[in-house]
Structure formats: structure tokens, C-alpha cells
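Summary of the model geometry
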Amino acid sequence: QVQLVESGGGLVQAGGSLRLSCAASGRTFNNYAMGWFRQAPGKEREFVAAITRSGGTTYYADSVKGRFTISRVNAKNAVSLQMDSLKPEDTAVYYCAADSRDRIVLTSSYAYWGQGTQVTVSS
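Scope of this entry: the structure provided in the associated data block. In this text, all values refer to a predicted model and were calculated from it rather than measured experimentally. (Residues numbered from 1 in each chain as written. Predicted model: local features only at pLDDT ≥ 70, side-chain atom pairs only at ≥ 80, totals over all residues. Heavy atoms only, no water.)

**Observations concerning the nonpolar core**
- One finds Leu4, Trp36, Leu81, Met83 and Tyr94 to be the most contacted residues of the largest nonpolar core, which totals 38 residues.
- Looking at this core, the elements with two or more residues in it are β3 (18–25), β4 (33–39), β5 (46–51), β7 (68–73), β8 (78–83), β9 (92–99) and β11 (117–122). (Core = buried A, V, L, I, M, F, W, Y, C linked by side-chain atoms within 4.5 Å. Buried < 20%, exposed > 50% of the residue type's maximum accessible area, 1.4 Å probe, protein only. Helix = DSSP H or I, 4+ residues; strand = E, 2+ residues; numbered from the N terminus.)

Encoded structure:
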């Protein structure tokens, strides 16, 4: 069992930045692929970004490519999502997810999920 806790959400103006963090409870992320997803009211959950177990490969949705950066924060046993040049359409609840299998990183089949953190981007 892995428990994940997201933090760093908040309200920001369009064009601004936020950094989200996802921390594991009681264990390391060393053997887990990590992903970020988001869900806006009335919309389906969508993939945002992912990173493989080793941290050697990252993936991004086209809508955030060039603006968001996912990285492993090994010293803190955490994964971050740096969000720059934020747009109102980025407004959503952001969820982190973890799984022991690199092959699922582009799917929504992660074994473990956090509780979510709200990101609101004003125009």
C-alpha cells in the first residue's frame, strides 16, 4: 500500500506559475512510475504528465508541453510538477498517481492515487 499526498495548489493569475508536489507516505518512490492527471468540473480526468521509475523518461500531454515539467525529487522522496505560463483552461483538481509498472504511464490504470489539489487560474 502506497499513500500519496499532493500539495502546492492554489489561485494564480494567467501567465503565472505554480509548483505541485506529491509525497509518498512511509516509503520511497524508487520503484514507482509517477503520473499527474487533472479533472475540471463536468469533464473527464485527463493525463497531464508522467515520469518513469528511473526518472529517465518523461511524457507530457500536448496541451501542457513546453509549459509543465515533471521531475523526481529524490532527496524529498517526492515528485513535482512545475507549471509555468498557466492558462485559465489549466484550472482543475490535479491528482498524482503511482504504479510499479513503467508500461502504464500513459494510461489511467495507476495503482495508487492521491486526494487531489485544486489549481485555479484566473484571467
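**Quick word on the side chain of Glu6**
- As for its placement among the helices and strands, Glu6 is situated in strand β1 (residues 3–7).
- For the buried Glu6, no salt bridge is present, and the opposite-charge side chain at shortest range is Arg45, 9.6 Å distant.
- Among the polar contacts made by the side chain of Glu6, one reaches the main-chain amide nitrogen of Gln115 at a distance of 2.9 Å.
- Within the structure, the side chain of Glu6 is placed 2.8 Å from the backbone nitrogen of Gly116, a separation counted as a polar contact.
- Excluding residues within four positions of it along the chain, Glu6 makes contact with Ser21, Cys22, Trp36, Tyr94, Tyr95, Cys96, Gly114, Gln115, Gly116 and Thr117. (Lys, Arg positive; Asp, Glu negative; His and termini not counted. Salt bridge = Lys/Arg side-chain N within 4 Å of Asp/Glu carboxyl O. Polar contact = N/O pair within 3.5 Å; in protein donor to acceptor, adjacent residues only side chain to side chain. Contact = heavy atoms within 4.5 Å.)

**Section: the pairing of β7**
- Here β7 shows a buried face lined by Phe68, Ile70 and Arg72 and an unburied face lined by Thr69, Ser71 and Val73.
- Where β7 lies against β8, six bridges are found, and the strand directions are antiparallel. Bridge pairing in β8 links Arg72 to Val79. (Pairing = 2+ DSSP bridges.)

**Things to note about the packing of aromatic side chains**
- Going through the model one piece at a time under the given rule, you end up with five aromatic pairs.
- Centre to centre, the rings of Phe37 and Tyr110 are 5.4 Å apart; their planes meet at 80°, and the pair counts as edge-to-face. Here Phe37 is found in strand β4, whereas its partner Tyr110 is found in the loop between β9 and β10 (112–113), with 73 residues between them in sequence. Across the pair, Tyr110 and Phe37 agree in class, each one buried.
- Ring centres of Phe37 and Trp113 lie 4.9 Å apart, and the angle between their planes is 55°; on these two criteria the pair is classed as tilted. With a gap of 76 residues between them, Phe37 in strand β4 and Trp113 in strand β10 connect regions that are remote in the sequence.
- For Phe37, a relative accessible area of 2% puts it in the buried group.
- Site record: aromatic cluster; members linked through ring pairs are Phe37, Phe47, Tyr110 and Trp113.
- Across from the ring centre of Phe37, 5.8 Å away, lies the NZ or CZ of Arg45, which sits over that ring.
- When the ring centre of Trp113 is taken as reference, the NZ or CZ atom of Arg45 above it lies at 4.1 Å. (Phe/Tyr/Trp six-rings, centres within 6.5 Å; stacked < 30°, edge-to-face > 60°. Lys NZ or Arg CZ within 6 Å of the ring centre and 35° of its normal.)

**A few points about the side chain of Asp90**
- Mapping Asp90 onto the fold places it in the loop between β8 and β9.
- Within the structure, Asp90 has its side chain in polar contact with the backbone nitrogen of Lys87 (distance 2.8 Å).
- In this structure Asp90 touches Arg38, Arg67, Phe68, Ser85, Val119 and Val121, once residues within four positions along its chain are discounted.

**Describing the state of the cysteines**
- In the structure shown here, the tally under the stated rule is one disulfide.
- A sulfur-sulfur separation of 2.0 Å characterises the disulfide bridge that pairs Cys22 with Cys96. Residues Cys22 and Cys96 share a disulfide whose torsion about the S-S bond is about 55°; that sign makes it right-handed. You can see Cys22 sitting in strand β3 and its partner Cys96 sitting in strand β9, a full 74 residues away along the chain. Both residues of the pair, Cys22 and Cys96, count as buried. (Disulfide = S-S within 2.5 Å.)

None of the figures reported here should be taken as evidence of function without further support.
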